[in-house]
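Letter by letter, the chains look like this.
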Amino acid sequence: MKQPISVLAGVLAASFLASHALAAEIKIGTASEPSSLDPHYHNLTPNNTVRRHIFESLVDQDAKQRLIPALAESWRTVDDTTWEFKLRRGVKFHNGTEFTAQDFVYSVCRIPNVANSPSSFTLYTKGIDAIETPDPYTIVIKTAAPYPLLPVELTTFGIISAKAAGGEKVAFDKAGCKADSWPTTQAFNDGTLAIGTGPFKLAEYVKGERIVLARNPDYWGQKPEWEKVTFRPITSDGPRVAALLAGDVDLVDEPPLQDLERLRKDPKVSVVETMSNRVVYLALDQAEPTPTIKGTDGKNPLRDIRVRQALSLAIDRKAIVQRIMNNTAEPAAQLLAPGLFGTNPDLTVVSDAKKAKELLAEAGYPNGFELTIGTPNDRYINDEKIAQAVAQMYSRLGIKTQVDASTVNVFFSRRNKGEFSVYLAGWSAATGEASSPLKSLVATRIKEKGFGPTNYTGYSNPKLDELLTKALATVDDKEREKLLAETMKVAMDDYAVLPLHYEVTSWAMRKGLSYEPRADQYTLAAAIHAAK
């Protein structure tokens, strides 16, 4: 169903389009679209990408995920458990109201109160024990223990207007902030509360068709050169490339791998690429019973580490990278690409079908069982093809495997309801270091600690939780990195989830444009530049 923005926003959009018909415009074709414009609804790359155009964070990251000032000009540690952030003065929301510390307080309070969030940003706010605002431009954050990652985690969520949402008097309370009501996700989708401080304003939103942004003339930072930005979701690979070559769009993300070489040779096209922070993985349900496994007398074989190990050993990751990813990916042995902070250099990619069969027999499944892999078919690069390849590899073990593919919104809805015993998904480490996937995907679901918000498998390992908790409270970088690497090894030795590969992300654009490729995979209109 098409979802238009409000009538008022539509009128503003029409006015904008008419008066700026000849102004600078950039059209972007995207492989995926956000599930919502609510900046706190779904911790998902397409959502986070669009969010950054409209809503800003206290701290931001550059293309290599290094910290840079944003709505906070500076920050410092007062003591081991106290951080002070000094805010920019004179920053205005799109409706003209002033940005102050209360907007941050309200945003942090609202995050755990977002209804039906598929992947909550509480992952990044649970470390906050108390917030003080000694003046409108100073924020003091206290944590229960030393928390060195706090500035990094504050880059991950956007700040909304407390005044627009009626939250001017809401106070932070770790046990649960109190408000008469909380903004609905629909209020952001229809434009009512799509009010940020970012370089662009929302002009039009038609779900499934386009998101149109207008340059914010009162933006505090460097003004983007584009008066108008149109995001068009073109989820099919062929039409997305065709749109670029026909001039219907100026830039596309995730150009299909089979077309990359041709695009690189096209004199009218430029291609840039970089290793991303995203791992594509298989999640293994460990609940009892489990929904899509048959032939095991009602038992869930995935609870047996020997079966999980067998499923990992059966996957020829190098073959997937070569044949399906056209060598535009790297086989994965852990949840973040080697070399990034907190990864373990000793973990290696192993494939051994013979050993896998032996482990299955040892676990009591010499003839295998029946399995269905759930996967999106329009979210990650060649996602359904990857799932099909894994299914074939499992079938060679005697595990009769089918693939259940669906569009991204349908897939995540079903995933969240626990409809899959095994599913394929991806995780981008928004913080650029190992605690992000560890904390979200494999830590035990502990709401008060913000652990496990995207752990839909029921996996739980007290040793892993203990190591991760210790790492997150360790100020010394070398010691924290060591602890994270140890935590990663615990997760991988337990086959908590099965990493497949790290995506290499590409962008293709018409000649005359430039874009610095980003490890976080975001396509940011303000960073697209035309040749002078």
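A. Inspection of the packing of aromatic side chains at higher detail. Enumeration over the complete set of coordinates arrives at twelve aromatic pairs. Here the aromatic rings of F55 and F188 are separated by 6.1 Å at their centres, their planes lie at 65°, and the arrangement is edge-to-face. With F55 in the loop between α2 (45-54) and β2 (59-61) and F188 in helix α6 (residues 185-189), the pair connects residues that are 133 residues apart, well separated along the chain. A centroid spacing of 5.5 Å and a plane angle of 80° characterise the contact between Y365 and F369, whose relative ring orientation is edge-to-face. On the basis of relative accessibility, which here comes to 12%, the residue Y365 falls in the buried class. For F369, a relative accessible area of 4% puts it in the buried group. Three or more aromatic residues joined by ring pairs form one cluster here, namely F411, F412, F420 and Y423. Across the ring face of Y456, the terminal group of R445 is positioned such that the distance to the ring centre comes to 4.7 Å.

B. Expanded view of helix α13 (residues 408-416). Within the sequence span of α13, burial applies to V408, F411, F412 and R415. One side of α13 holds all its buried residues, which, seen down the axis, span an arc of 95°. G418 occupies a position one or two residues after α13 and carries a positive phi of about 75°.

C. Summary view of the packing of helix α15 (residues 462-472) against helix α16 (residues 477-493). The geometry of α15 relative to α16 is characterised by a closest axis approach of 9 Å and an angle of 165° between their N-to-C directions. As far as their axial angle goes, α16 and α15 are roughly antiparallel. In this structure, the crossing between α15 and α16 has a hand that is left-handed. Residue-level inspection shows K463, L464, L467, L468, K470 and A471 of α15 in contact with α16, the latter providing R480, L483, L484, E486, T487, V490 and A491. When grouped by side-chain class, the residues that make up the contact of α15 with α16 number eight nonpolar, one polar and four charged.

D. Summary view of the sheet that holds strand β4 (residues 72-79). Reading across the sheet, the four strands line up as β4-β5-β7-β6 and stay open at both edges, with antiparallel pairing between neighbours. Pairing within the sheet leaves two strands with one partner each, and these edge strands are β4 and β6 (130-135). For this sheet, the mean inter-axis angle between neighbouring strands, taken without regard to orientation, is 20°. In this sheet, strand β7 (residues 138-142) lies alongside strand β5 (residues 82-87) in antiparallel orientation, the contact comprising five bridges.

E. Layout of the pattern of salt bridges. Applying the stated rule across the entire model yields 25 salt bridges. Taking the shortest distance from any N to any O, the salt bridge between R306 and D304 comes out at 2.7 Å. Under the relative-accessibility criterion, R306 is labelled partly exposed at 27%. Beyond isolated ion pairs, a larger network of salt bridges with shared partners links E204, E209 and R210.

F. Structural detail: unusual backbone geometry. Residue P289 follows E288 across a cis peptide bond; omega there is 0°. Non-glycine residue E254 carries a positive phi angle of around 45°. Locating E254 in the fold gives a position in the loop between β11 (251-253) and α8 (257-265). Positive phi outside glycine occurs at D297, with the angle close to 55°. Counting through the fold element by element, D297 comes out in the loop between β13 (293-294) and α9 (305-313). Residue D297 is classed as exposed on the basis of its relative accessible area of 81%.

G. Representation of the layout of surface pockets within the structure. Taken as a whole, the largest pocket spans an internal volume of roughly 770 Å³. Residue lining of the largest pocket: 28 residues in total, with D60, Y219, L524, A526 and A527 positioned closest to the centre. Elements supplying a minimum of two residues to the lining of the largest pocket: α2, β2 and β3 (67-69). The residue inventory of the lining of the largest pocket, partitioned by class, reads 13 nonpolar, six polar and nine charged.

H. Seen up close, the confidence of the model for the protein chain. With 96% of its residues at a pLDDT of 70 or more, the protein chain has an overall mean of 94. Low confidence marks residues 1-22, where pLDDT is under 50. Its contacts with residues over four positions away, or in another chain, come to 26 contacts.

I. How the structure looks around the side chain of S436. Tracing the chain through its elements places S436 in helix α14 (residues 435-442). In this structure, S436 is in contact with Y124, W427, S428, A429, A430 and T431, ignoring residues within four places of it in sequence.

J. Spotlight on the packing of α14 against α15. At a minimum axis distance of 11 Å, the contact between α14 and α15 shows a crossing angle of 145°. In the crossing of α14 with α15, the sense of the turn from one axis to the other is left-handed. Two secondary-structure elements touch here, α14 through S435, L438, K439 and V442 and α15 through L464, L468 and L472. Taken together, the residues that form the contact of α14 with α15 break down as five nonpolar, one polar and one charged.

K. Expanded view of the pairing of strand β15 (residues 370-376). Counting buried residues along β15, six of its seven residues qualify, which places the element largely inside the surrounding structure. One ladder, built from two bridges, connects β13 with β15; its direction is antiparallel. Paired with I293 across the two strands is L371, which belongs to β15. Taken together, β15, helix α12 (residues 383-395) and strand β16 (residues 400-406) form a β-α-β motif whose crossover is right-handed. Across two bridges, the pairing between β15 and strand β17 (residues 422-428) is parallel. Its bridge partner being in β17, I373 is matched across the sheet by V422.

L. Region of the structure containing the side chain of D103. Mapped onto the elements, D103 comes out in helix α3 (residues 101-110). The buried charged residue D103 lacks any salt bridge, with K163 as its nearest oppositely charged partner at 9.6 Å. A distance of 2.8 Å separates a polar side-chain atom of D103 from the backbone nitrogen of T100. Those residues within four positions of D103 in sequence are excluded, and the remaining contacts are F93, E98, I159, I160, S161, A162 and K163.

Conventions and cut-offs
- Residues numbered from 1 in each chain as written.
- Predicted model: local features only at pLDDT ≥ 70, side-chain atom pairs only at ≥ 80, totals over all residues.
- Heavy atoms only, no water.
- Phe/Tyr/Trp six-rings, centres within 6.5 Å; stacked < 30°, edge-to-face > 60°.
- Helix = DSSP H or I, 4+ residues; strand = E, 2+ residues; numbered from the N terminus.
- Buried < 20%, exposed > 50% of the residue type's maximum accessible area, 1.4 Å probe, protein only.
- Lys NZ or Arg CZ within 6 Å of the ring centre and 35° of its normal.
- Arc of directions from axis to C-beta.
- Axes fitted to C-alpha atoms, helices over the stretch in contact; angles between N-to-C directions.
- Parallel < 35°, antiparallel > 145°, perpendicular 65-115°, else oblique.
- Left-handed = near helix turned anticlockwise from the far one by under 90°.
- Contact = heavy atoms within 4.5 Å.
- Nonpolar A, V, L, I, M, F, W, Y, C, P; charged D, E, K, R; others polar.
- Pairing = 2+ DSSP bridges.
- Salt bridge = Lys/Arg side-chain N within 4 Å of Asp/Glu carboxyl O.
- 1 Å grid on protein atoms, 1.4 Å probe; cavity = no way out; pocket = protein on both sides within 12 Å on 5 of 7 lines; lining within 4 Å.
- Points joined across faces, edges and corners; volume = space filled by probe spheres on them.
- pLDDT = per-residue confidence, 0-100.
- Right-handed = clockwise from strand over helix to strand, strands pointing away.
- Lys, Arg positive; Asp, Glu negative; His and termini not counted.
- Polar contact = N/O pair within 3.5 Å; in protein donor to acceptor, adjacent residues only side chain to side chain.

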